[in-house]
Amino acid sequence: MPRKSQTESLADENAAPGGVAAVDRALSLLAAFGDADDGLSLTQLAERTRLYKSTVLRLLASLEHGGWISRLDDGRYAVGPAVARLHRVYAQNFSLDSVVMPVLKALVQATGESAAYHVRQGRERLCLYRVDSPHPVRDHARAGDLLPLDKGAGGRVLVAFDPELGDWQKKNRNHYARVRADGYEALVGDRHSEIAGISAPVFRQSGELAAALTLTMPAHRYDEHYVKNVLQAARELGAQLV
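The structure displayed is predicted, hence computed values, not measured ones.

Undergrad: A description of the pairing of strand E3 (residues 114-121) should follow, citing residues and the corresponding values.
TA: With six of its eight residues buried, E3 lies for the most part within the structure. Counting the residues between successive antiparallel strands, the hairpin from E3 to strand E4 (residues 124-131) contains two residues, one of them, Gly-122, with a positive phi of roughly 65°.

Now the structure itself:
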């Protein structure tokens, strides 16, 4: 009878309910590759997935046949061209608004204030997406508005975390160092005397700055407890951006 491993493989630990074990194991091989891996040996793949080498070899044969894995000249294995093709399909069909808008709506529902997604556009910032507060008294920025980079929580977050804006950061070095250390910006009356804002950077999975996620409200409704909501929303959004 075949030996039974004393420890479960990663695929067995995270098996899809009602799924196919062989598919789970094949996917665990693909997931074993990290950003810094230009190739992995059979031993490394077996160690990372906790699968027997014989099992890994059988799975690799199928994955290589389908173009999901390529065998290198030195005997190691790398992700194959089918992965790149699938990524192109994903990128072409990826709709940013289908990712951003649900997060903004959830943030507004949790806080009752307005939420926006700002990206840098040259020396200004563009409000790319926005969901308004249900309160009649609120700020009246709109999606499509261009706003200053050096005013407002969203603008200052973009300056603080954008490596291309080192000259801007030097103008107020201590302030932007604090923003980076805190991981967010919270300001009352900066862009407008009656408006407060809390903003956090949104980082792509690659670590690249994508945007600033900003919650705005009238100054008299400012609540520092909303900081945790903004940080959580920014992390949730960044986890979905490649």
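Undergrad: Mind laying out the packing of helix H7 (residues 153-161) against helix H9 (residues 173-182), listing which residues take part and the relevant values?
TA: Following both chains from N to C, one finds H7 and H9 inclined at 90°, their axes separated by 9 Å at the closest point. It follows from the interaxial angle that H7 and H9 lie roughly perpendicular. Along the contact surface, H7 presents Arg-156, Val-157, Val-159, Ala-160 and Phe-161, while H9 presents His-175, Tyr-176, Val-179 and Arg-180. When the residues that make up the contact of H7 with H9 are grouped by side-chain class, the tally is six nonpolar, one polar and two charged.

Undergrad: Any chance you could break down the packing of helix H6 (residues 96-111) against helix H10 (residues 227-238) for me, citing the residues and the numbers?
TA: Running from amino to carboxyl end, H6 crosses H10 at an angle of 165°, the nearest separation of the two axes being 10 Å. Classified by the angle between their axes, H6 and H10 sit roughly antiparallel to one another. Seen from above, H6 lies across H10 with right-handed handedness. Seen from H6, the contacting residues are Val-99, Val-100, Val-103, Leu-107, Ala-110 and Thr-111; seen from H10, they are Asn-229, Val-230, Ala-233, Glu-236 and Leu-237.

Undergrad: Account for a nonpolar patch on the surface, naming residues and giving values.
TA: A surface patch of nonpolar side chains, amounting to about 260 Å² of accessible area, comprises Val-20, Val-23 and Leu-27. Mapped onto the elements, Val-20 comes out in the loop between helix H1 (10-13) and helix H2 (21-31). When its relative accessible area of 51% is taken as the criterion, Val-20 is described as exposed.

Undergrad: Could you give me a rundown of empty space enclosed by the protein, with the residues and numbers involved?
TA: A full pass over the atoms with the stated rule returns one cavity of 30 Å³ or more. What the largest cavity holds in volume is close to 150 Å³. Taken together, 20 residues make up the lining of the largest cavity; nearest its centre are Gly-152, Ala-153, Arg-191, Ile-195 and Thr-216. Mapped onto the lining of the largest cavity, the elements with two or more residues apiece are E3, E4, H7, strand E7 (195-203) and strand E8 (209-218). Here the element with the most residues in the lining of the largest cavity is E7; it accounts for three residues. Class assignment for the residues of the lining of the largest cavity results in seven nonpolar, eight polar and five charged.

Undergrad: Give me the lowdown on the side chain of Thr-214, citing residues and values where you can.
TA: Among the structural elements, Thr-214 can be located in strand E8. Residue Thr-214 is classed as buried on the basis of its relative accessible area, which comes to 2%. Polar side-chain contacts of Thr-214 include one of 3.3 Å to the side chain of His-118.

Undergrad: Outline the environment of Met-217, supporting the account with residue identities and numerical values.
TA: Relative to the helices and strands, Met-217 is located in strand E8. C-alpha separation for the pair Met-217 and Asp-139, spaced 78 residues apart in sequence, amounts to 6.5 Å. With residues up to four places along the chain from it excluded, the contact list for Met-217 reads Glu-113, Glu-194, Ile-195, Ala-196, Ile-198, Tyr-222, Asp-223 and Tyr-226.

Undergrad: Tell me about the pattern of salt bridges, and please be specific about residues and values.
TA: One pass over the full model with this rule turns up 14 salt bridges. For Asp-38, the salt bridge is made with Arg-76, and the minimal N-O distance between the two is 3.1 Å. With Asp-38 in the loop between H2 and helix H3 (42-49) and Arg-76 in the loop between strand E1 (69-71) and strand E2 (77-79), this residue pair connects regions lying 38 residues apart in the sequence. The class for Asp-38 is exposed, based on a relative accessible area of 55%.

Conventions adopted
- Residues numbered from 1 in each chain as written.
- Predicted model: local features only at pLDDT ≥ 70, side-chain atom pairs only at ≥ 80, totals over all residues.
- Heavy atoms only, no water.
- Buried < 20%, exposed > 50% of the residue type's maximum accessible area, 1.4 Å probe, protein only.
- Helix = DSSP H or I, 4+ residues; strand = E, 2+ residues; numbered from the N terminus.
- Pairing = 2+ DSSP bridges.
- Axes fitted to C-alpha atoms, helices over the stretch in contact; angles between N-to-C directions.
- Parallel < 35°, antiparallel > 145°, perpendicular 65-115°, else oblique.
- Contact = heavy atoms within 4.5 Å.
- Nonpolar A, V, L, I, M, F, W, Y, C, P; charged D, E, K, R; others polar.
- Left-handed = near helix turned anticlockwise from the far one by under 90°.
- Patch = residues over 30% accessible without salt bridge, like charges linked within 9 Å, V, L, I, M, F, W, Y side chains within 5 Å.
- Areas by Shrake-Rupley, 256 points an atom, 1.4 Å probe, with all protein chains shown as cover.
- Salt bridge = Lys/Arg side-chain N within 4 Å of Asp/Glu carboxyl O.
- 1 Å grid on protein atoms, 1.4 Å probe; cavity = no way out; pocket = protein on both sides within 12 Å on 5 of 7 lines; lining within 4 Å.
- Points joined across faces, edges and corners; volume = space filled by probe spheres on them.
- Polar contact = N/O pair within 3.5 Å; in protein donor to acceptor, adjacent residues only side chain to side chain.

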